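Coordinates in review
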2 protein chains.
Amino acid sequence: MNAQADKVIGIVGGMGPQAGLTLFNRVLCHTGAATDQQHLPVILMSFPGRIADRTAFLEARAGSNPAFAIARIIGSLENAGAQVVGMACNTAHAPPIYDVITAELEKAGSRVKLLHMPRETCRYIGENHPHVRRVGLMATNGTYKAEVYADLLRAGGYEAVIPGYAFQDAVIHRMIYDPHFGVKANPGAVARQVRQLADQALAYFHERGAHAVILGCTELAMVFPERRAGRMLLVDTTETLARALIREATCPCPGPVPHPA
Amino acid sequence: MNAQADKVIGIVGGMGPQAGLTLFNRVLCHTGAATDQQHLPVILMSFPGRIADRTAFLEARAGSNPAFAIARIIGSLENAGAQVVGMACNTAHAPPIYDVITAELEKAGSRVKLLHMPRETCRYIGENHPHVRRVGLMATNGTYKAEVYADLLRAGGYEAVIPGYAFQDAVIHRMIYDPHFGVKANPGAVARQVRQLADQALAYFHERGAHAVILGCTELAMVFPERRAGRMLLVDTTETLARALIREATCPCPGPVPHPA
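Residues numbered from 1 in each chain as written. Chains lettered and ligands numbered in written order. Predicted model: local features only at pLDDT ≥ 70, side-chain atom pairs only at ≥ 80, totals over all residues. Heavy atoms only, no water.

1. Looking at the relation of the copies chain A and chain B
- Expressed as a screw operation, the relation of chain A to chain B combines 0.0 Å of axial shift with a rotation of 180°, fitting to an RMSD of 0.0 Å. Look at the turn and shift together and you get a two-fold axis relating the two. Every residue of chain A has its C-alpha some distance from the rotation axis, and the shortest such distance is that of L44 of chain A, at 2.6 Å.
- When you check the interface residues of chain A against chain B, 100% turn up at the interface there too, and the contact is symmetric in its surfaces. (Least-squares fit on C-alpha atoms with pLDDT ≥ 70 in both. Contact = heavy atoms within 4.5 Å.)

2. Examining unusual backbone geometry
Residue and element names in this part refer to chain A.
- A cis amide bond links M15 with the next residue in sequence, G16, at an omega value of -15°.
- With a phi angle near 60°, E147 is a residue other than glycine that sits in the positive phi range.
- With respect to the helices and strands, the residue E147 is situated in the loop between α6 (141-146) and α7 (148-155).
- What makes E147 partly exposed here is its relative accessible area of 38%. (Helix = DSSP H or I, 4+ residues; strand = E, 2+ residues; numbered from the N terminus. Buried < 20%, exposed > 50% of the residue type's maximum accessible area, 1.4 Å probe, protein only.)

3. A short note on the pattern of salt bridges
Residue and element names in this part refer to chain A.
- Tallying each qualifying case throughout the model produces 30 salt bridges over all chains.
- The salt bridge partner of R243 is E239, with a shortest N-O separation of 3.5 Å. Highlighted residues: R243 and E239, both in helix α11 (residues 237-250), separated by four residues, approximately one helical turn.
- A relative accessible area of 33% means that R243 is categorised as partly exposed.
- Take E239: its relative accessible area is 10%, and that puts it in the buried class. (Salt bridge = Lys/Arg side-chain N within 4 Å of Asp/Glu carboxyl O.)

4. Let's talk about the side chain of N141 of chain B
Residues and elements named next belong to chain B.
- Here N141 shows up in helix α6 (residues 141-146).
- With relative accessibility at 1%, the residue N141 sits in the buried group.
- Among the polar contacts made by the side chain of N141, one reaches the side chain of Y165 at a distance of 3.2 Å.
- Residues in contact with N141, not counting those within four places in the same chain, are E59, Y165, Q168, D169 and H173. (Polar contact = N/O pair within 3.5 Å; in protein donor to acceptor, adjacent residues only side chain to side chain.)

5. Here we look at the pairing of strand β1 (residues 9-12) of chain A
All names here are of chain A.
- Here β1 shows no split at all, with I9 and I11 on one side and G10 and V12 on the other all buried.
- The sheet contact formed by β1 and strand β2 (residues 42-46) spans four bridges and is parallel. Bridged to G10 within β2 is I43.
- What joins β1 to β2 is helix α1 (residues 17-30), and the crossover it makes is right-handed.
- Sheet analysis places β1 next to strand β3 (residues 84-87), joined by four bridges and oriented parallel. Residue G10 lies in a different strand from β3, and its bridge partner there is V85. (Pairing = 2+ DSSP bridges. Right-handed = clockwise from strand over helix to strand, strands pointing away.)

6. Considering the sheet that holds strand β3 (residues 84-87) of chain B
- If you walk across this open sheet you meet the eight strands as β4(A)-β3(A)-β1(A)-β2(A)-β2(B)-β1(B)-β3(B)-β4(B), and the pairing is mixed. Every interior strand has two partners, whereas the edge strands, β4 (113-114) of chain A together with β4 (113-114) of chain B, have only one.
- Inspection of the sheet shows β3 of chain B paired to β4 of chain B by two bridges, in the parallel sense. Bridging from a neighbouring strand, V85 of chain B pairs with L114 of chain B of β4 of chain B.
- Sheet strands touched by helix α1 (residues 17-30) of chain B: β2 of chain A together with β1 (9-12) and β2 (42-46) of chain B. Its angle to β2 of chain B, the strand with the most contacts, is close to 170°. (Axes fitted to C-alpha atoms, helices over the stretch in contact; angles between N-to-C directions.)

7. Observations concerning the interface of chain A and chain B
- Of the residues lining the interface, 31 residues belong to chain A; the matching set on chain B comes to 31 residues.
- Taken over both partners, the interface formed by chain A and chain B buries close to 2,400 Å², and the fraction arising from carbon and sulfur atoms is 60%.
- On the surface where chain A and chain B come into contact, there are zero salt bridges.
- Taken together, the links from chain A to chain B amount to five residue pairs in polar contact (both at pLDDT 80 or more).
- Within the residue set of the side of chain A that touches chain B, elements represented by two or more residues are α1 and β2 of chain A.
- Broken down by element, the residue count for the side of chain A that touches chain B peaks at six residues, all from α1 of chain A.
- For the side of chain A that touches chain B, the class distribution of residues is 18 nonpolar, eight polar and five charged.
- Relative to β2 of chain B, β2 of chain A is paired through five bridges, and the arrangement is antiparallel. Counted as the bridge partner of S46 of chain A is V42 of chain B from β2 of chain B. (Buried area = accessible area lost by both parts, 1.4 Å probe. Nonpolar A, V, L, I, M, F, W, Y, C, P; charged D, E, K, R; others polar.)

This is the structure in structure tokens:
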């Protein structure tokens, strides 16, 4: 890494706070650095109280769109010097949120390069696992209904293995959002009930011949820390976004000119 | 936590990058929050390439004082909204660095409340472990020679157990800085040689009747993840700073008025 030429990475955290930290940690782990000083410059802004729950907004289409708060945070990151930005939340990439964020940034004359986690994930699979053709998805109901991954996978020539809504809601979404045992309610631990649902989900994709399963919610990396389940590849979207942030930050191409601080 | 009233926490990271992340993580772990939205607002700025090694500066008294870069980063944190700031590095609190930081902040008209990790650590011991009278110190040569902790401990009425320089350099400093097996050269792992030096260090303080040992370098929490070694309390300075940041951020007292973004 060349500290002089590297661009400043900005991370929108707080969705939840642990996901932002994990993304930062993945950037650190994947950076080839021999001393402290060779590590990449990173700004992480975690304002969990300002960003409403993404899935709740998508489900109800009521309340304030979290896009406005997210766009303001990206503006603050840019003011502080960030040139390449990633959001540590898959659901924030659903078009009803993501498209409003990009429109707000354009309106404000933003020059940051905002990476797109689901697009980077599909790109990662294509570049690193060319044998993969049939791809399953585990995500929140928000990401599921917005069809972010399903559309990208089909456009990329993949066969998307997407469960029916009953299974999605009762098994996959529940691992994340169950108010008692779900991952969001128990940060730092994985409950026995979540393990059982996780096994059900893996069996579902295995029976349908998936070559890979996208962990399309940042919280799911806690449930599935492994890279593989049997012959299926498990794709951690926090990791694919971290790799993309490093790629863009260290790219010798001229980046967006940083705003004066 | 009351998201409306909480002050924004700023963290100066990058010294090394992992220490900044760990401090943020400790803030998360010690915050009593039932939902994502109840977590405290935190901005972490990690610019490792801009901040020269603190101990190298203190030892040589040559090269640029890292205080100037640190003060500029605190200024950026303040511009982004931070009101209470912590630096994830004990050595940056040595007076030749710390006093220049506070002078620079004063010159710039800064209104942030900058917490002092070693002072907060002594305060933590006094408030939570009143039986402790004899306190040992493990730190970098930079912190050791600046006598930051020794002075604070004596002023607080403690008996400071400070090894002679030969032991400090060959055993304690070496755990952190040995170019081959030291913690800074092997992030994420603790080498066998470090474990041996750690045992020697603990035996030293144990033989001298220390009631507590301050892990006065953020990297040492990796070597000593336990809270106790035999009857000795091990005090993690990242943890004491995290608790102090939460206390100040959630304190109902009026804080510094945030700068307009």
